[in-house]
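# Fold and contact review
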Amino acid sequence: EFVDGSLGSHTAAFFKPFTDAPMDSGFFITPEKVLYQRIKSADSAGLQVMTHAIGDKAIHTLLNIYEGVAKENGGRDRRFRIEHAQHIAPDDIPRFAGLQVIPSMQPYHAIDDGRFAERLIGTERIKTTYAFGSLINTKASLAFGSDWFVAPPTPLEGIYAAVTRQTLDGKNPDGWVPEQKISVAEALKSYTIRAAYASFEEDIKGSIKPGKLADFVILDKNLFEIPPTDIRNVKVLQTCVGGEFVYSAD
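Now for a quick tour of the structure. (Residues numbered from 1 in each chain as written. Predicted model: local features only at pLDDT ≥ 70, side-chain atom pairs only at ≥ 80, totals over all residues. Heavy atoms only, no water.)

### Quick word on the sheet that holds strand β1 (residues 50-53)
Rule in force here: Two strands pair if DSSP finds at least two bridges between them. Numbering goes from the N terminus for both helices and strands, where a helix is a DSSP run of H or I of at least four residues and a strand is a run of E of at least two.
Taking strand neighbours across the sheet as the criterion, the four strands line up as β1-β2-β3-β4 in an open arrangement whose pairing is parallel. Among the strands making up the open sheet, the edge pair consists of β1 and β4 (143-144).

### Concerning the nonpolar core
The line we're drawing: To form a nonpolar core, buried Ala, Val, Leu, Ile, Met, Phe, Trp, Tyr and Cys residues must be joined to one another through side-chain atoms within 4.5 Å. Per-residue accessibility, obtained with a 1.4 Å probe over protein chains only, is compared with the maximum for each type, and a residue is labelled buried under 20%, exposed over 50%, and partly exposed between these values.
Judged by nonpolar contacts, the single largest core of 59 residues is most densely connected at I82, F96, F132 and F144. For this core, the secondary-structure elements that each account for two or more residues are α1 (32-44), α2 (56-73), α3 (93-99), α4 (108-113), α5 (117-125), α6 (132-137), α7 (155-164) and α8 (184-191). Here the element with the most residues in this core is α2; it accounts for seven residues.

### A short note on a nonpolar patch on the surface
Filter applied, for reference: For patch building, the residue pool is restricted to those with more than 30% relative accessible area and no salt bridge; the joining distance is 9 Å between like charges and 5 Å between nonpolar side chains (Val, Leu, Ile, Met, Phe, Trp, Tyr). Accessibility throughout is a Shrake-Rupley quantity obtained with a 1.4 Å probe, and a residue counts as covered only by protein chains that appear here. Definition used for salt bridges: Asp or Glu carboxyl oxygen within 4 Å of a side-chain nitrogen of Lys or Arg.
A cluster of nonpolar side chains, namely I208, F216, I218, L237 and F245, defines an oily patch on the protein surface of about 440 Å² accessible area. Its place among the elements puts F245 in strand β7 (residues 244-248). In this structure F245 comes out as partly exposed when scored by relative accessible area, which is 47%.

These figures capture arrangement, not role.
Below, the structure written as structure tokens:
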């Protein structure tokens, strides 16, 4: 399901107008009442709901819908997700953990959109754009993915993006909105055990433990021992899926 559009096309739904387009604040692709009905119906059927929301108004509205549906349908392990959750109003950041809503994000977009986001939404709203650090600090179960084919499907580039926040144009050597950077350990958790939790698969995936699928990669460098800026250049030597090696660099 889609609440709104995207930042670059000025179709993400914001409370206030775009900085570079003062007559435009984006729009909802799906009306709020329709969203509520569809989400409530899907949740009633026992389905896990995952909804695209990018602008702060879209995210706020969706959090309200998730909260209302959960109250109406009663308690259960539902794991509502917001796909992208890119531009969060500051007051909504702690609601993710409070409502047990999963922010399912794609860190590569931060170093891509970071080249132009401030021009579109100004200096204040970028402070909670791709708010990885704030979400981790408020105990949200932050899950990472790629958004392929819109972005590269390579987790190493995503880890690099989340840890350094160095934009693709090279203009932010200390990181774009650096207070939102996270550690290598947190980025790895978001790509592994938290991502597995987001799809109800934490009992079989997400960590290397007896009884779980042997899904792992062997890298040519230890991500914890190299400068964060080198992470994007690390090579995958071997890939194991379900206990079988399916790739080798040799």
